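Coordinate analysis (summary)
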Amino acid sequence: MSWVTLDGVRVSYGSQMALDGINLAIPQGEIVAILGPSGCGKTTLLRSIAGLLPVSEGQISLGGRIVSSTGATVAPERRGIGWVPQDSSLFPHLSVSENIGFGIPRGHDRAERIRQLASMVGLLEHLDRAPSQLSGGQAQRVSLARALAIRPAVLLLDEPFAALDPMLRSALRTEVAELLRSQSSTAILVTHDQEEALSLADHIAVMMGGRILQWGTPVEVYERPTTSWVARFVGSTVELPGLWQGGRVSCALGMIEAVLMDEEVAEGDTVRIVVRPEWIAIGAGEIEAVVRSVSYSGHDGTAALQLLDGTRVRARLAATELPSVGDCVRLSVRRSALVYR
Ligand code: ATP
């Protein structure tokens, strides 16, 4: 059953439409990433679910209860929602322990619950510290523990890792995902970081211009993007013109297997084909190319290749497989190319 449901939700700021007919059905216990470029409406979506913005059309339900509609809005504090903002926003005059316990009612098990939460986020040693004595990652963990303290029905995370350095960001997001899964929390994570969405979420909603362009698992969104824009937004692409020949496409990379992503394409049509750089293999293959440059990034790297007809493509390879500049190589495409109009 869907735990968070949005039906035809429209939200506007005056004459500016920020959400334009959003439909979402999020199952209980799932982590969902809302992924999209700046200004596409991600924060507006989160704020609407939290009850901080009224809907101008449609409705939002949490756990089967309508919380937002054009007729009525349930107050934010009565929605059972936990909120983790971008910049942790801890109360500066309260200790770690008091911050975590802020929403927990006074009672005999309150101290125990605070210790449990602090232990869960690995901060048992720091309970008496002030927020000013914490690193960015530690502060963000306190913020997470504080949000989980009220046992929220839904946890909303608004770019919670954006302010952290890349090493810490990647370590903390793995920890947070494990924690959320161990608690079977339903969580909605807003991000404009593709890698974060792909690595953390069970489902991703790709947004643009106040609409959801695609809803799918990370694999679906990355390997079967419904539009070339989504393909480009979610990862690197190599894009070439081609001729659709029913199950195959003829292009600068030869006659290759292809999947039609746009139903309006007919046999013989000129199309745009998209492949991921890691789908291009160097070694055996019919197509000859010269390596023009190589960019090394540690675990893997990218080779810029020029085909005999002058077309340029990029291949992503394991660092150990990278060719050298000037090498003549042969190429093949190891996955079906995606075909768009
Ligand atoms: P970012 O990634 O930059 O935070 P976002 O995807 O979260 O962006 P929103 O903040 O939801 O986008 O904004 C969606 C649209 O609504 C944008 O066009 C923005 O300019 C507009 N908008 C947001 N807040 C307001 C406001 N208070 N008044 C008027 N327009 C607003």
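Residues numbered from 1 in each chain as written. Predicted model: local features only at pLDDT ≥ 70, side-chain atom pairs only at ≥ 80, totals over all residues. Heavy atoms only, no water.

Take the packing of aromatic side chains next. By the definition in use, this model includes two aromatic pairs. For the pair phenylalanine 91 and phenylalanine 102, a centre-to-centre distance of 4.5 Å together with 40° between the ring planes defines the contact as tilted. Of this pair, phenylalanine 91 sits in the loop between strand E6 (81-84) and helix H2 (96-100) while phenylalanine 102 is found in the loop between H2 and helix H3 (110-120), placing the two residues eleven residues apart along the sequence. Seen in terms of ring centroids, tryptophan 229 and phenylalanine 233 are 5.0 Å apart; in terms of plane orientation they differ by 5°. Their pairing is stacked. Residue tryptophan 229 and its partner phenylalanine 233 are both found in helix H8 (residues 228-234); the two are separated by four residues, about one turn of the helix. Using a relative accessible area of 15% as the deciding quantity, one classes phenylalanine 233 as buried. Sitting over the face of the ring of phenylalanine 91, arginine 146 holds its NZ or CZ atom 5.0 Å from the ring centroid. (Phe/Tyr/Trp six-rings, centres within 6.5 Å; stacked < 30°, edge-to-face > 60°. Helix = DSSP H or I, 4+ residues; strand = E, 2+ residues; numbered from the N terminus. Buried < 20%, exposed > 50% of the residue type's maximum accessible area, 1.4 Å probe, protein only. Lys NZ or Arg CZ within 6 Å of the ring centre and 35° of its normal.)

This part covers the sheet that holds strand E14 (residues 270-275). Taken in spatial order, the five strands of this closed barrel run E11-E12-E13-E19-E14, and their pairing is mixed. Averaged over all pairs of adjacent strands, the angle between their axes in this sheet comes to 50°, without regard to strand direction. Bridge count for strand E13 (residues 254-260) against strand E19 (residues 337-340) is three bridges, and the pairing is parallel. Paired with valine 259 across the strands is leucine 338, a residue of E19. (Pairing = 2+ DSSP bridges. Axes fitted to C-alpha atoms, helices over the stretch in contact; angles between N-to-C directions.)

Below, the discussion takes up the packing of H3 against helix H4 (residues 136-149). Contact pair H3 / H4: the axes reach a minimum separation of 9 Å and the direction vectors enclose 135°. When the axes of H3 and H4 are compared, the pair comes out oblique. At the point where H3 passes H4, the crossing takes the right-handed sense. Contacts between H3 and H4 involve Arg113, Leu117 and Met120 on the former and, on the latter, Ala145, Leu148 and Ala149. Its residues placed into classes, the contact of H3 with H4 shows five nonpolar, no polar and one charged. (Parallel < 35°, antiparallel > 145°, perpendicular 65-115°, else oblique. Left-handed = near helix turned anticlockwise from the far one by under 90°. Contact = heavy atoms within 4.5 Å. Nonpolar A, V, L, I, M, F, W, Y, C, P; charged D, E, K, R; others polar.)

What follows concerns the site of the ligand. What surrounds the ligand is the set Tyr13, Gln16, Ala18, Pro37, Ser38, Gly39, Cys40, Gly41, Lys42, Thr43, Thr44 and Glu159. Backbone polar atom of glycine 39 to an oxygen atom of the ligand: 2.8 Å apart, as the coordinates give it. In this structure, an oxygen atom belonging to the ligand sits 2.5 Å away from a side-chain N or O atom of threonine 44. Protein contacts shield 58% of the accessible area of the ligand, which totals 630 Å² for the unbound molecule. Taken together, the elements giving at least two residues each to the shell around the ligand come down to strand E2 (16-27) and helix H1 (42-50). Sorting elements by how many residues they give to the shell around the ligand places H1 first, with three residues. (Near = heavy atom within 4 Å. Polar contact = N/O pair within 3.5 Å; in protein donor to acceptor, adjacent residues only side chain to side chain. Areas by Shrake-Rupley, 256 points an atom, 1.4 Å probe, with all protein chains shown as cover.)

A few words now on the pattern of salt bridges. What the rule picks out here adds up to 17 salt bridges. A salt bridge links arginine 169 to aspartate 193, with the shortest nitrogen-to-oxygen separation between them at 3.7 Å. Of this pair, arginine 169 sits in helix H5 (residues 166-182) while aspartate 193 sits in the loop between strand E8 (187-191) and helix H6 (194-200), placing them 24 residues apart in sequence. The network of salt bridges with common partners includes Arg169, Arg173, Asp193, Glu195 and Glu196. (Salt bridge = Lys/Arg side-chain N within 4 Å of Asp/Glu carboxyl O.)

A few words on H3. Every buried residue of H3 is listed here: Arg110, Arg113, Ile114, Leu117 and Ala118. Take H3 and look down its axis: the buried residues cluster within an arc of 135°, on one side only. Looking at the packing, one finds that the buried side of H3 touches H2 and H4. A positive backbone phi angle near 75° is found at glycine 122, which sits one or two residues after H3. (Arc of directions from axis to C-beta.)

What follows concerns the side chain of threonine 237. Mapped onto the elements of the fold, threonine 237 is located in the loop between H8 and strand E11 (238-244). In this structure the side chain of threonine 237 is engaged in a polar contact, spanning 3.0 Å, whose partner is the side chain of glutamate 239. With residues near it in sequence (within four places) discarded, threonine 237 still touches Ala231, Arg232, Val274, Val275, Arg276, Pro277 and Arg314.

Glancing now at the domain arrangement of the protein. With domains assigned, the protein is organised as domain 1 (2-232) and domain 2 (237-340). Distance from the C-alpha centre of domain 1 to the C-alpha centre of domain 2: 37 Å. A buried area of about 970 Å², summed over both sides, lies between domain 1 and domain 2, and 45% of it is on carbon and sulfur atoms. We note a salt bridge from arginine 335 to glutamate 223, for which the minimum N-O separation is 2.6 Å. Where domain 1 meets domain 2, there are six residue pairs in polar contact (both at pLDDT 80 or more). Those elements that place two or more of their residues in the side of domain 1 that touches domain 2 are helix H7 (218-223) and H8. (Domains from an automatic or database assignment. Buried area = accessible area lost by both parts, 1.4 Å probe.)

On to the nonpolar core. Within the largest apolar cluster, 43 residues are counted, with the highest numbers of intra-cluster contacts made by Ile100, Leu144, Leu155, Leu157, Leu180 and Ile204. Here this core gets seven residues from one element, more than from any other, and that element is H4. Excluding residues that lie within four positions of it along the chain, isoleucine 204 makes contacts with Ala33, Leu35, Ala197, Leu198, Gln214, Trp215, Gly216, Pro218 and Val221. Among the nonpolar cores identified, the runner-up in size contains 31 residues, and Val249, Ala289, Leu307 and Leu331 belong to it. (Core = buried A, V, L, I, M, F, W, Y, C linked by side-chain atoms within 4.5 Å.)

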